[in-house]
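Notes for the structure review
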Amino acid sequence: MNILVTGGTGYIGAHTCVSLLEAGHKVIVLDNFINSKKDIVGKIEYITNKKIQFHEVDVTDELMIDKIFSNYDLDAVIHFAGLKAVGESVIDPLKYYYNNILSTLNIAKACGKYGVFNLIFSSSATVYGENTVPFVENMELLPPINPYGYTKMMSERILMDISNSNPNFSVSILRYFNPVGAHKSGLIGELPKGNPNNIMPIITKVAKGLYDKLKIFGNDYPTNDGTAVRDYIHVVDLAEGHVAAIERLKRGTHIYNLGTGQGTSVLELVHTFERVNGVKICCEIVERRPGDIAVCYADVSKAANELGWKTKLTISDMVKDAWYFENKI
Ligand code: NAD
Ligand code: UD1
């Protein structure tokens, strides 16, 4: 298939491009590098020994998106492009609504105009809010507590309404849990611009001596060791989930959790990192982070049954590959 990948030089997008190319698909990548680097294009090509078509484009630019769609014979679109820093979305909500909603509207509009009816959208487990675990796709969603979460919930709604209005559309909404790790080559991984907010890049920077310590946000949660529990998924497994989803698109809107189905606490993650990599992580317990939930993990049976996909890599693989990547930066 000819697949347009927006945000394809970002963390998940780059790994997905590698998986798509390895599965024999062709990719056309759009990115404006607001949170990624130009050299990722060459790295994807180096890892796969295949060429990609790349365009430096802002997906909020409707005319440019129209031009791209008119220039290629596309079979499908994977729409990753979006801003994802939760804290920043609270400080500058307009930036988030403008970027994340307008980009979704532009992609959906061009898909309709050019008859590209196969679309995959990057959503987040954040839309479940503080529901009962495991999170199941048909649960009623709870109102998000930040603008970033609303952009995901609203984009999901927009795509559902569009596919309801046009029976030709096949939309898969993928709700990611907590992607971590990196490609085994160490060439691509999580490299946010500015200070990282997510836990794994903070752990690897503490391990490298770039940060003094990991501040663990709370040890009084109702979990085995008191620290919060998440469903960490290796980014390469997540990328493979997109290949499965694109090859099994079907009419209508279909929502899939992409996670492992297993919860891991912050302390368990840290201890696994220390054991596997032989590096000590200095930690300090601090107050809970506002907006954090205690426990989050996926029910993954729908993705297994309908996409024939499940994760293969373990927490040990995730911490090993994240550390290898940190040392190659
Ligand atoms: P990322 O920031 O590494 O990648 C996003 C890419 O999109 C970046 O390369 C950025 O430069 C690009 N981009 C952003 N706005 C753009 C625009 N208007 N035009 C063109 N390019 C633009 O983030 P990621 O972790 O790879 O996440 C990819 C998608 O998955 C995002 O939509 C994110 O919200 C979603 N998601 C991520 C996580 C996670 O933990 N990483 C979890 C759930 C959902
Ligand atoms: C965060 C976002 C979520 C987004 C997801 C993926 C918040 C409140 N939620 O989820 O909306 O979809 O990233 O981008 O920001 N932790 C520490 N110390 C740290 C950093 C994290 O203890 O310095 C803990 C957190 O409390 C959490 C776990 O590590 O329990 C994972 O945190 P993080 O990587 O930020 O992901 P989420 O909070 O799950």
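Our subject is the structure that appears above.
Residues numbered from 1 in each chain as written. Chains lettered and ligands numbered in written order. Predicted model: local features only at pLDDT ≥ 70, side-chain atom pairs only at ≥ 80, totals over all residues. Heavy atoms only, no water.

1. A few points about the site of ligand 2
The environment of ligand 2 is formed by 19 residues, the closest being Asn-178, Lys-215, Arg-230, Arg-289 and Asp-292. Interatomic distance of 3.3 Å between a side-chain N/O atom of Thr-126 and an oxygen atom of ligand 2. Here ligand 2 loses 88% of its free accessible area of 740 Å² to cover by the protein chains. Contributing elements (two or more residues each) for the shell around ligand 2: helix H7 (199-207) and strand S8 (214-217). Each residue belonging to the shell around ligand 2 can be placed in one class, and the counts come to 10 nonpolar, 5 polar and 4 charged. (Near = heavy atom within 4 Å. Polar contact = N/O pair within 3.5 Å; in protein donor to acceptor, adjacent residues only side chain to side chain. Areas by Shrake-Rupley, 256 points an atom, 1.4 Å probe, with all protein chains shown as cover. Helix = DSSP H or I, 4+ residues; strand = E, 2+ residues; numbered from the N terminus. Nonpolar A, V, L, I, M, F, W, Y, C, P; charged D, E, K, R; others polar.)

2. Concerning helix H3 (residues 62-71)
Those residues of H3 not exposed but buried are Ile-65, Ile-68 and Phe-69. Axial view of H3: buried residues confined to an arc of 95°, hence all on one face. Summarising the geometry of H3, the exposed residues directed more than 90 degrees from the buried face are Leu-63 and Asn-71. In this structure, the buried side of H3 is in contact with strand S1 (2-6), strand S2 (26-31), strand S3 (53-56), strand S4 (76-79) and helix H5 (93-114). (Buried < 20%, exposed > 50% of the residue type's maximum accessible area, 1.4 Å probe, protein only. Arc of directions from axis to C-beta. Contact = heavy atoms within 4.5 Å.)

3. Regarding the packing of H7 against helix H11 (residues 315-328)
Their axes nearest at 10 Å, the elements H7 and H11 cross at an angle of 60°. It follows from the interaxial angle that H7 and H11 lie oblique. Where H7 crosses over H11, the handedness of that crossing is right-handed. Along its contact with H7, which presents Met-200, Pro-201, Thr-204, Lys-205 and Ala-207, the element H11 presents Met-318, Val-319, Ala-322, Trp-323 and Glu-326. Tallied by class, the residues present in the contact of H7 with H11 amount to 7 nonpolar, 1 polar and 2 charged. (Axes fitted to C-alpha atoms, helices over the stretch in contact; angles between N-to-C directions. Parallel < 35°, antiparallel > 145°, perpendicular 65-115°, else oblique. Left-handed = near helix turned anticlockwise from the far one by under 90°.)

4. Focus on H11
A rise of 1.5 Å per residue sets the reference length of H11, with its 14 residues, at 20 Å; its end C-alpha atoms lie 20 Å apart and thus fit the reference within 8%. Where H11 is concerned, the buried positions are Ile-315, Asp-317, Met-318, Val-319, Asp-321, Ala-322, Trp-323, Phe-325 and Glu-326. (Expected span 1.5 Å × (residues − 1).)

5. Considering the pairing of S2
Most of S2 sits inside the fold, with 5 of its 6 residues counted as buried. In terms of strand pairing, S1 meets S2 through 5 bridges, oriented parallel. Looking at the pairing, Ile-3 lines up with Val-27 of S2. Viewed along the sheet, the connection from S1 through helix H1 (residues 11-22) into S2 turns out right-handed. Relative to S3, S2 is paired through 4 bridges, and the arrangement is parallel. If you follow Leu-30 over to S3, its bridge partner there is His-55. On the question of chirality, the crossover connecting S2 to the parallel S3 by way of helix H2 (residues 39-48) is right-handed. (Pairing = 2+ DSSP bridges. Right-handed = clockwise from strand over helix to strand, strands pointing away.)

6. Some thoughts on the packing of aromatic side chains
Counted under the stated rule, the structure contains 7 aromatic pairs. Relative to Phe-177, the ring of Phe-135 lies with its centre 6.3 Å away and its plane at 45°, an arrangement referred to as tilted. Remark: Phe-177 occurs in the loop between strand S6 (170-176) and strand S7 (178-180) and Phe-135 occurs in the loop between strand S5 (118-124) and helix H6 (147-165); sequence separation between them is 42 residues. Of the two residues examined, Phe-135 and Phe-177, each falls in the buried class. (Phe/Tyr/Trp six-rings, centres within 6.5 Å; stacked < 30°, edge-to-face > 60°.)

7. Topic: the site of ligand 1
Surrounding ligand 1, one finds 26 residues, the nearest of these being Ile-12, Asp-31, Asn-35, Phe-80 and Asn-99. Between an oxygen atom of ligand 1 and a side-chain N or O atom of Ser-36, the distance comes to 2.9 Å. In this structure, Lys-152 approaches ligand 1 through a side-chain N or O atom, which is 2.8 Å from an oxygen atom. Here ligand 1 has 810 Å² of accessible area as a free molecule, and 96% of this is covered by the chains. With 3 residues, the single largest contributor to the shell around ligand 1 is S5. Its residues assigned to classes, the shell around ligand 1 shows 11 nonpolar, 11 polar and 4 charged.

8. Details of the packing of H1 against helix H8 (residues 235-247)
The N-to-C vectors of H1 and H8 enclose an angle of 60°; their axes lie 8 Å apart at closest approach. In terms of orientation, H1 lies oblique with respect to H8. The hand of the H1/H8 crossing is right-handed. Of the residues in H8, those in contact with Tyr-11, Ile-12, His-15, Thr-16, Ser-19 and Leu-20 of H1 are Val-235, Val-236, Leu-238, Ala-239, Glu-240, His-242, Val-243 and Ile-246. Classifying every residue of the contact of H1 with H8 gives 9 nonpolar, 4 polar and 1 charged.

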